[in-house]
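Architecture at a glance
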Amino acid sequence: MTPSPADDPKTLVSTAWLAAHRADPDLRLIDASWYLPDSGRSAKAEYQTTHIPGARFFDIDEITDHRSALPHMAPPPEKFISRLRAMGIGDGHQVVIYDGSGLFSAARVWWTFRLMGKTDVAVLDGGLPKWRAEGREIEDMPPIVRDRHMTVSRQNHLVKDVTQVAHAAKLGEAEIIDARGAPRFKGEIPEPRPGLRAGHIPGAKNVPYSTLLNPDGTMKSPEALRAVFEAAGVNLAKPAITSCGSGVTAAILSLALERIGHRNHALYDGSWAEWGMYDDLAVEKGPAGVGLQT
């Protein structure tokens with residue numbers, strides 16, 4: 001297999017691209033696996049027994065802002081710098097991020113790097129499952145790391161808080177795109193996190209993250225991605241705010257928007273874990289555009 005012309009070291013690269021560049025001295029690999037609490041899987045334990053050679057483990061639940069009660073909120077820049085330097089990742093590195101699901105949590109860490117002003121970072125298309133399916137090398141040894149200086153410049157326009165999202169929803173000045181599955185979006189089933197109301201942000205459009213992926217866990221072509229967004233009623237001429245349950249799969253939407261050349265997008269970090277908690281925030285139920293507001 002040869003690298004694809006669709007490979008982009010700033011968004012998405014193929015397993016063939018990684019195989020061709022894995023020995024590059026400034027390439028750094030990150031295993032960003034993360035699983036839902038009820039999955040019965042431990043990302044760190046799996047990393048310790050099976051990972052792509054040289055990969056470092058990025059703990060999404062630890063490299064976060066623990067000052068917030070919300071799950072895995074974006075870390076303060078100083079914490080991001082500290083943790084990444086300890087992994088031997090810093091300025092001048094090309095970073096490739098993968099996860100154990102195919103394409104699930106890796107996009108969240110890609111977005112976190114972008115939030116910190118780091119753009120030489122890509123997600124491995126199809127992740128560890130595709131890498132292993134192709135019979136490529138894996139190991140269980142931790143990498144040898146050397147401290148590397150890192151500087152960051154937080155890009156505040158890439159993240160939105162609840163006040164900003166409420167303002168955008170009220171004025172209709174941005175497309176709010178929700179990555180959760182249709183039953184959760186419509187409020188037909190309870191939220192997996194206790195105490196949260198069911199439904200979606202008024203005016204939001206529903207693009208379940210799974211609709212952006214092929215059966216093998218790779219991301220669809222830019223042309224197909226654009227068609228998915230348009231079929232969901234998303235006006236791609238407007239700014240976009242991505243959302244989901246807790247800010248993880250929203251980043252898959254952000255990555256897809258970047259792949260189709262839509263540059264004016266931000267991620268609602270609190271997502272439904274925050275919005276669904278406050279009774280004074282309006283909630284819609286039902287399909288996008290015809291939902292009943294409560």
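Overview of the structure. (Residues numbered from 1 in each chain as written. Predicted model: local features only at pLDDT ≥ 70, side-chain atom pairs only at ≥ 80, totals over all residues. Heavy atoms only, no water.)

The helix and strand tally for the protein chain stands at 10 helices and 12 strands. Taken against the 2.2 N^0.38 rule, which gives 19 Å for 294 residues, the C-alpha radius of gyration of the protein chain at 19 Å falls within 12% of a compact globule. Each principal axis of the C-alpha atoms in the protein chain carries an extent, and together these give about 55 × 40 × 35 Å. Classification of the 294 residues of the protein chain by burial places 53% in the buried group. Pairs at least 24 residues apart make up 75% of the contacts formed inside the protein chain by residues separated by at least 6 positions. When the accessible area of the protein chain is evaluated, it comes to approximately 12,700 Å², of which 53% is carbon and sulfur surface. Separation of charge centres in the protein chain, based on 33 positive and 36 negative side chains, amounts to 2 Å. (Helix = DSSP H or I, 4+ residues; strand = E, 2+ residues; numbered from the N terminus. Rg over C-alpha atoms; globule rule 2.2 N^0.38 Å. Buried < 20%, exposed > 50% of the residue type's maximum accessible area, 1.4 Å probe, protein only. Contact = heavy atoms within 4.5 Å. Areas by Shrake-Rupley, 256 points an atom, 1.4 Å probe, with all protein chains shown as cover. Lys, Arg positive; Asp, Glu negative; His and termini not counted. Charge placed at Lys NZ, Arg CZ, Asp CG, Glu CD.)

The next point concerns the packing of aromatic side chains. Applying the stated criterion to the full structure yields four aromatic pairs. Consider the rings of Phe-80 and Phe-113, whose centres lie 5.1 Å apart with planes at 80°: the pair is edge-to-face. Taken together, the residues Phe-80 in helix H3 (residues 77-86) and Phe-113 in helix H4 (residues 106-115) connect sequence positions 33 residues apart. Both residues of the pair, Phe-80 and Phe-113, count as buried. Ring centres of Phe-104 and Tyr-209 lie 5.8 Å apart, and the angle between their planes is 55°; this geometry places the pair in the tilted category. Taken as a pair, Phe-104 in the loop between strand E4 (94-98) and H4 and Tyr-209 in the loop between strand E8 (205-206) and helix H8 (222-231) lie far apart in primary sequence, 105 residues in all. One aromatic cluster is present, built from ring pairs that chain together Trp-34, Phe-104 and Tyr-209. The aromatic ring of Trp-131 is capped on one face by Arg-136, whose charged end is 5.4 Å from the ring centroid. Cation over ring: Arg-180 sits above Trp-272, and NZ or CZ is 4.6 Å from the ring centre. (Phe/Tyr/Trp six-rings, centres within 6.5 Å; stacked < 30°, edge-to-face > 60°. Lys NZ or Arg CZ within 6 Å of the ring centre and 35° of its normal.)

Let us look at the sheet that holds strand E9 (residues 240-243). Strand order in the open sheet formed by five strands is E6-E10-E9-E7-E8, with parallel pairing between adjacent strands. Both outer strands of the open sheet, strand E6 (159-160) and E8, are each paired with one neighbouring strand and no more. Two strands pair when backbone bridges link them, and E9 and strand E10 (residues 265-268) are joined in this way by three bridges, in the parallel orientation. Bridging across to E10, Ala-240 finds its partner in His-265. (Pairing = 2+ DSSP bridges.)

Following the sequence through the fold, Asp-125 ends up in the loop between strand E5 (121-124) and helix H5 (127-133). No salt bridge is formed by the buried Asp-125; its nearest oppositely charged neighbour, Arg-259, is found at 6.2 Å. From its side chain, Asp-125 meets the backbone nitrogen of Met-219 in a polar contact 2.8 Å long. Not counting residues up to four positions away in its chain, the partners in contact with Asp-125 are Leu-12, Val-13, Ser-14, Thr-15, Leu-103, Lys-130, Thr-218 and Met-219. (Salt bridge = Lys/Arg side-chain N within 4 Å of Asp/Glu carboxyl O. Polar contact = N/O pair within 3.5 Å; in protein donor to acceptor, adjacent residues only side chain to side chain.)

When the charged atoms of two side chains lie near each other, side chains of opposite charge can form a pair. A complete count under the given rule lists 18 salt bridges for this structure. In this structure, Glu-46 and Arg-41 form a salt bridge, with 2.9 Å as the shortest nitrogen-oxygen distance. Glu-62 is paired through a salt bridge with Arg-83; the nearest N and O atoms lie 2.9 Å apart. Residue Glu-62 is found in the loop between strand E3 (56-57) and H3, and its partner Arg-83 is found in helix H3; the two are separated by 21 residues along the sequence. Judged by relative accessible area, which is 28%, Arg-83 ranks as partly exposed.

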